[in-house]
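So the chains spell out like this:
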Amino acid sequence: MKKYLLRRIIMSIITLWAIVTITFVLMHAVPGNPFAKEGKMPPVVYENLQKKYGLDRPLIEQYGIYLKNLLKGDFGDSMKSRVETVNDMIGRGFPVSAYLGAQSLLIALIIGPALGAFAALYQNKFPDYFSMIIAIIGISVPGFIMGTVLIQFVAKNVSWLPIGGWGEFRHTLLPAFALSLMPLAYTARLMRSSMLEILGQDYIKTAKSKGLEKSVVILKHAVRNAILPIVSVLGTLISNTLVGSFVIEKIFGIPGLGMFFVKSIVSRDYTLIMGTTIFYSIILIFMLLLVDIAYTFIDPRIRLTKEGR
Amino acid sequence: MSKKYLVLVGLLLLTAIIFTGCSGGSSGEQILRTNNASEPGSLDPALAQGTHESWVLDHTFEGLMKVDPNLQVVPAMAKEYKVTPDNMTYTFTLRDDIKWSNGDPVTAGDFEFAWKRVLDPELAADYAYQAYYIKGGEAYNTGEGSKDDVAVKAIDDKTLEVTLAAPTPYFLELTAFYALYPVNQAVVEANPDWAKNAETHVSNGPFTLTEWEHNASIKIRKNENYYDKKSVKLTGIDFDIIDDENTAWQKYEGGDYDFLSPLPQAVVAQMKEEKNPELVIGAEVGTYYYNLNTKIKPFNNVKVRKGLSMTLDRETIVTKIAQGGQIAAEGVVPLGMKDEKGKEYRDAVGQLIEYNVAEGKKLFAEGLAEEGMTVADFNKFVLIYNTSEAHKKIAQAAQEMWRVNLGVEVGLENMDFQVKLDREKAGDFNISRAGWIGDYMDPITFIELWESSSPFNDAKYNNPEYDKMVKIAKTSGDKAERFEAMRAAEKMIMEDMPVVPVYFYTQPYAQKSYVKGVYKPLVNYPKLTYAELNK
C-alpha cells in the first residue's frame, strides 16, 4: 500500500509538471495578448504593462520564473485585476464553488442512487418509469436551460427564491438543484443497471432462499455491491462539481471559481489561466487517488498491491 | 409495497421543503439597486481600465471639473480657473470646503501627486496617455523624462498650476475624466493597497465605498464630507456584479433592480416595440464601423472601398437588425459633438455617406478592373468580427447586402476579441469590425484615430494632408481654425473611405418609473448622483 501510494504520488507530480508545461506553451502559442485593447493605447503604455508583468522577457525565462514561484505556492498577479492575486482569486472563488458543488453533490448522491435502486427493484413499474423520466430530463436538459427554467418559474413567477446573487443560503438552492441534475441522473442510471445485474446473481437468490429478510438482502448484499460503479466515477464527479460550473455560476451570478476558468481564457489572463488549470488538475489527480483507495474499503476483492493478491 | 412508495414520496417532499425559502424585502432607505456588469479591475482612478471601474469611480470621486445635469462642464473640486491667453497654462483654485471621505482636506498637492502618479511608468496605467497633454507628461511615461519635469504644480494647498504641451481646447473636460481624479496622497503613500478594500478606500466624491465583496457586490453610501451633499438625495447605491445580461434583466424585471444598463439586445427591441416607458435610449458618442485593409489589393483602391460603402443599407441595419435606437452613420464623428459656435458639429459637415447601389456597383466594378481583379476574385475575402450575437447579425446583413448589390460572396469569420485585435494590429485581415466610443466631447477623439502614426489606425490609412489637418486640430488655439480643419479632415477620410462607418452608438437603459434625476453624459455611463426614488 505504501509503495503504491508513493508510486502514485510521484506519477501525480510528473503529470502535474507535464500539465504546467503544456498549458504554459499552448497559452503563449494562442494568438492574443492580455493587454491588447480596442482603444488608443499608445505603444509605450503597452510596453510598460508588458514590462511590469515580465512579458518582455524570453519565454524560457518566463517559464523558469513561473516554475520557481509555483514551487513556493505563488500563482502570481492576475494580469487583469489590480485588486487580487491569482492565489486570492482561487482562495475566494473555490470555497464558493466547493460549497455549491458539495450541496449539489449531496442532493445528487442521496436522490440519484435511491432513485436508481427503486427503479431496479420495481423494474417496468411506476417507480422505474418515474425514476428514468427524471434521469432522462437530468441528462438531456443542459444545466443552463434548467437554470433558466428555474429562474423563470421558481424565482420570477412565484418569488419563492431569489433570481440570482450570492451571500445567503437561499441563494444556493436553485443553482445547487440545477447543478445536481446531471450527476443525479447519471448516478440513478448507473445504480439502476448495476442493481439489475446484481439482483439476478446467484448469491442474492441464495440469500433469499436462506430466508433472510428482503430489506437485509437488498441493503446488505445488493446495494453495497451495486454502488461500486458509482464510487468509480465519484472522483471525476466530485472534482467536476467542486471547482464549479461556469454556466450555472454565470446565469446565477455566483462568484465562484468556474467563472474564472472561462474569463481567464477569454481575456488572456495568463497567470489566471495557469493558476486555475493547475488548481483543477491537483483536485482531479487527488480525487482519482482517493477513489482508488476508497475502492479497497468497499470491495475487499480489490487490492492495491500485487502482494495483496 | 405501499410503504416503499411512501418513502419515495416522503423523500421527494423533503427535497421540496429544503428547496423552498423566502425572498428578501427592501428597506425604506433611498438605496438605488442596480448591476455593474463586471468586477472592476481596480477602484483606484489611476488603474481603472474602462466602464466597470469608471461607473463606480464616477460616483465616488470627483475631478477639478464635472459634467452637470445640463451636460455642461462646470467647476467641481475647483472653485474657478484661469487660463493664459495662449491657452497653455491653467491655474485652478480649489473650493474651501472640500474633504476626503476620511475627513482630510482635498489639496492641490493631492492633484499634483495623482497626475504624476498616473504617468509613472512603473505603475503602468492604461490611461496614462490622458495625462500626455500636460507638458513633460509623455516624456515621463515613456521613460525619457523625469517626474520633476511634469508641468503640474501645487502652488499652495488651494492652487494648482498646469502647463500643457500644446493648447488643448478640451483640457477642462479631461479634468472630469476618471484617470485625472485626485487621490489622497497621505493614504496612498501609507498603504499601496488602499484601493483594494472598502475598509481602506478613501474618495472625495458624492458617495464613498462601504462594501466590496469581490465578484459579488459593491455598496456605496452618501459621503457626509461631500461639499454638495444636500443635492444628493440617495442614501446609497447597491451594485450587484452579474455579467450575464439576461440574468441581470430578469432581476430588473423581477423588481430586484431600480435601474439597469446594459440591456440584452432582444429586450431593447421588444421594449421599443411595446413603447415601454421604462426604456431610455441614452445618447452616446460612438461609431460602429468596418476597417478596410488599405494595404492589400483591391482594398487599396478607393473605388472598391467606396463601392462597398455605398451599397451598405445602414438604415435597414439600424432599424431591423441592431434595433437599439442606433443612428445610421453620416460620417466618422457621431452626433452630439459641439462645434466652435456651440452648435451640433454634424450640422455643418452634413451627410457624408451615400446609399446609392447603382453608383456603388459601378465604382466597385471599375475599381476591381483597375486592380486586375474580377467579382469572383473578391469571394475569397473575409469579414472578421469578435464573437457576439449582435456583431454576427450585422455582419450577416452586410454580407447579404454586398451579395445582392455587388454580386460578391464575402466570407464571415468570428473569433475571440483578443485574437481579432491581434490580427488587426498585424494587418492580417481584409475587412474587420471595429468600434470606438469617445473619451471626451471633441470631434478630435475620433478624427485622430486615423492619423498615419496612430496605433489605432488599423486600416493603415495614410494621407499627409489628413495628418496636417489633425495636427492643426490638436494644436491650434483658434477654435474656428481647428474646427475647420476637423471638418476638412472628416470630408477627406469619407472621400477616401478606408473605414466604412455603419452606425452611431446609443446606450439604452431601463429605469423604473419611480426613479428620477438620472442623466446621461454623452461620454460616460448614466449618472445616478442626483437620482431619487419616488416610491
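Quick caveat: nothing in here was measured; it's all calculated off a predicted structure.

Rules and cut-offs
- Residues numbered from 1 in each chain as written.
- Chains lettered and ligands numbered in written order.
- Predicted model: local features only at pLDDT ≥ 70, side-chain atom pairs only at ≥ 80, totals over all residues.
- Heavy atoms only, no water.
- Helix = DSSP H or I, 4+ residues; strand = E, 2+ residues; numbered from the N terminus.
- Rg over C-alpha atoms; globule rule 2.2 N^0.38 Å.
- Buried < 20%, exposed > 50% of the residue type's maximum accessible area, 1.4 Å probe, protein only.
- Areas by Shrake-Rupley, 256 points an atom, 1.4 Å probe, with all protein chains shown as cover.
- Lys, Arg positive; Asp, Glu negative; His and termini not counted.
- Charge placed at Lys NZ, Arg CZ, Asp CG, Glu CD.
- Polar contact = N/O pair within 3.5 Å; in protein donor to acceptor, adjacent residues only side chain to side chain.
- Pairing = 2+ DSSP bridges.
- Axes fitted to C-alpha atoms, helices over the stretch in contact; angles between N-to-C directions.
- Contact = heavy atoms within 4.5 Å.
- Buried area = accessible area lost by both parts, 1.4 Å probe.
- Salt bridge = Lys/Arg side-chain N within 4 Å of Asp/Glu carboxyl O.
- 1 Å grid on protein atoms, 1.4 Å probe; cavity = no way out; pocket = protein on both sides within 12 Å on 5 of 7 lines; lining within 4 Å.
- Points joined across faces, edges and corners; volume = space filled by probe spheres on them.
- Nonpolar A, V, L, I, M, F, W, Y, C, P; charged D, E, K, R; others polar.
- Left-handed = near helix turned anticlockwise from the far one by under 90°.
- Expected span 1.5 Å × (residues − 1).
- Patch = residues over 30% accessible without salt bridge, like charges linked within 9 Å, V, L, I, M, F, W, Y side chains within 5 Å.

**Student:** So what exactly am I meant to see when it comes to the overall build of chain B here?
**Tutor:** The helix and strand inventory of chain B stands at 18 helices and 19 strands. Taken over C-alpha atoms, the radius of gyration comes to 26 Å for chain B, in line with the 24 Å a tight globule of 535 residues would show. The C-alpha extent of chain B, read off along each of the three principal axes, is 90 × 70 × 40 Å. For chain B, the residues scored as buried account for 58% of the 535 residues in total. Roughly 20800 Å² of accessible area belongs to chain B as shown, and the carbon and sulfur atoms make up 50% of that amount. Charged side chains of chain B number 58 positive and 79 negative; the gap between the two group centres comes to 4 Å.

**Student:** What is the right way to read the side chain of A:Arg170 from this model?
**Tutor:** Residues and elements named next belong to chain A. Considering the arrangement of structural elements, one finds Arg170 in helix α7 (residues 169-199). Take Arg170: its relative accessible area is 17%, and that puts it in the buried class. One polar contact links Arg170 to Glu168, side chain to side chain, over a distance of 2.8 Å.

**Student:** Can you walk me through the sheet that holds strand β5 (residues 89-94) of chain B in this structure?
**Tutor:** Pairing between the strands of a sheet is mediated by backbone hydrogen bonds and can be parallel or antiparallel. Residue and element names in this part refer to chain B. Read across the sheet, four strands follow the order β4-β5-β7-β6 without closing on themselves; strand pairing throughout is antiparallel. With partners counted over all chains shown, the strands left at the sheet margins are β4 (78-83) and β6 (152-156), one partner each. The sheet shows a mean angle of 20° between the axes of neighbouring strands, taken without regard to direction. Pairing geometry for β4 and β5, over five bridges, is antiparallel. Paired with Tyr81 across the two strands is Phe92, which belongs to β5.

**Student:** Would you mind showing me how to read unusual backbone geometry here?
**Tutor:** Excluding glycine, residues mostly have negative phi values, and the peptide bonds linking residues are mostly trans. Residues and elements named next belong to chain B. A cis amide bond, omega 0°, links Ser261 with the succeeding residue Pro262. Checked against the element boundaries, Pro262 lands in the loop between β11 (259-260) and α8 (265-273). Put simply, Lys297 and Pro298 share a cis peptide bond, and its omega is -5°. Mapped onto the secondary structure, Pro298 falls in the loop between β12 (279-292) and α9 (302-310). Phi angles above zero are rare outside glycine, and Ala124 is one such case at about 50°. Among the structural elements, Ala124 can be located in the loop between α3 (108-119) and α4 (137-141). Judged by its relative accessible area of 1%, Ala124 is buried.

**Student:** Please clarify how the interface of chain B and chain A should be interpreted in this entry.
**Tutor:** At the interface, 67 residues of chain B touch 55 residues of chain A. Counting the surface lost from both chain B and chain A, the interface buries some 5300 Å², and carbon and sulfur atoms represent 60% of this. Residues A:Lys156 and B:Glu253 are paired through a salt bridge, measuring 2.4 Å at the closest nitrogen-oxygen approach. Inspection of the chain B/chain A interface yields 13 residue pairs in polar contact (both at pLDDT 80 or more).

**Student:** Explain empty space enclosed by the protein to me, please; I cannot follow it from the model alone.
**Tutor:** Unoccupied space between atoms shows up once a probe the size of one water molecule is rolled over them. Within this structure, the stated rule accounts for four cavities of 30 Å³ or more. If you add up the space inside the largest cavity, you get close to 240 Å³. B:Lys66, B:Val67, B:Ala176, B:Tyr181 and B:Lys527 are the residues nearest the centre of the largest cavity, which is lined by 22 residues in total. Sort the elements by how many residues they give to the lining of the largest cavity and strand β2 (residues 65-67) of chain B lands first, with three residues. Partitioned by chemical class, the residues of the lining of the largest cavity number 13 nonpolar, three polar and six charged. Around the second largest cavity, the lining residues are A:Glu249, A:Lys250, A:Gly253, A:Ile254, A:Met259, A:Lys263, B:Asn215, B:Ile241, B:Ile242 and B:Asp243. Considering only residue class, the lining of the second largest cavity consists of four nonpolar, two polar and four charged.

**Student:** Sorry if this is basic, but what is going on with the packing of helix α4 (residues 86-121) of chain A against helix α5 (residues 126-140) of chain A here?
**Tutor:** A pair of packed helices can be characterised by two numbers: the angle between their axes and the separation between those axes. Residues and elements named next belong to chain A. Two numbers describe how α4 lies on α5: the axes approach to 7 Å, and their chain directions differ by 145°. Pair α4 / α5 crosses with left-handed handedness. Between α4 and α5, the contacting residues are Leu115, Phe118 and Ala119 on the first element and Pro127, Asp128, Phe130, Ser131, Met132 and Ile134 on the second. A breakdown of the residues in the contact of α4 with α5 according to their chemical character gives seven nonpolar, one polar and one charged.

**Student:** What's the story with α3(B) in this structure? I'm lost.
**Tutor:** Owing to its 3.6 residues per turn, the α-helix brings residues three or four apart onto one side. Residues and elements named next belong to chain B. Spanning twelve residues, α3 covers 17 Å between terminal C-alpha atoms, matching the ideal 16 Å at 1.5 Å per step. Most of α3 sits out of view: twelve of its twelve residues are buried. Looking at the buried side of α3, the elements it contacts are β5, α4, β6, β7 (159-163), α5 (171-174) and α6 (185-190).

**Student:** For this particular structure, what's the right way to read the packing of helix α6 (residues 143-157) of chain A against α7(A)?
**Tutor:** All names here are of chain A. At their nearest, the axes of α6 and α7 sit 9 Å apart, and the two run at 145° to each other. The crossing of α6 and α7 is right-handed. Where α6 abuts α7, its residues Gly143, Met146, Gly147, Leu150, Val154 and Ala155 lie against Leu174, Phe177, Ala178 and Leu181. Of the residues in the contact of α6 with α7, the class split is eight nonpolar, two polar and no charged.

**Student:** I'm lost on a nonpolar patch on the surface in this one. Help?
**Tutor:** All names here are of chain A. Together, Phe144, Ile145, Val149, Phe153 and Val247 give the surface a local cluster of nonpolar side chains, amounting to about 410 Å² of exposed area. For the nonpolar patch, the element with the most residues is α6, which contributes four residues. Here Phe144 is to be found in helix α6. With relative accessibility at 40%, the residue Phe144 sits in the partly exposed group.

**Student:** Just to check I follow, could you spell out the pattern of salt bridges for this structure?
**Tutor:** Side chains that carry opposite charge are capable of pairing whenever their charged atoms lie near each other. All names here are of chain B. Summed over all chains, the structure comprises 40 salt bridges over all chains. The residue Glu211 makes a salt bridge to Lys219 at a minimum N-O spacing of 3.9 Å. You can call Lys219 partly exposed: its relative accessible area is 25%. The shortest N-O distance in the salt bridge between Asp458 and Lys425 comes to 3.2 Å. Of the two residues, Asp458 is situated in the loop between α16 (444-447) and α17 (464-475) and Lys425 in helix α15 (residues 417-425); the sequence distance between them amounts to 33 residues. According to the relative accessible area criterion, Asp458 is buried, its value standing at 3%. For Lys425, a relative accessible area of 38% translates into the label partly exposed.

**Student:** Would you mind going over helix α18 (residues 479-496) of chain B with me for this structure?
**Tutor:** Residue and element names in this part refer to chain B. Compared with the 26 Å implied by 1.5 Å per residue over 18 residues, the 26 Å span of α18 between its first and last C-alpha is a close match. The set of residues buried in α18 consists of Arg482, Phe483, Ala485, Met486, Arg487, Ala489, Glu490, Met492, Ile493 and Met494. A distance of 3.0 Å separates the backbone nitrogen of Ala480 from a side-chain oxygen at the start of α18, and that oxygen is part of Asp478. Within two residues after α18, Met497 carries a phi angle of roughly 50°, on the positive side.

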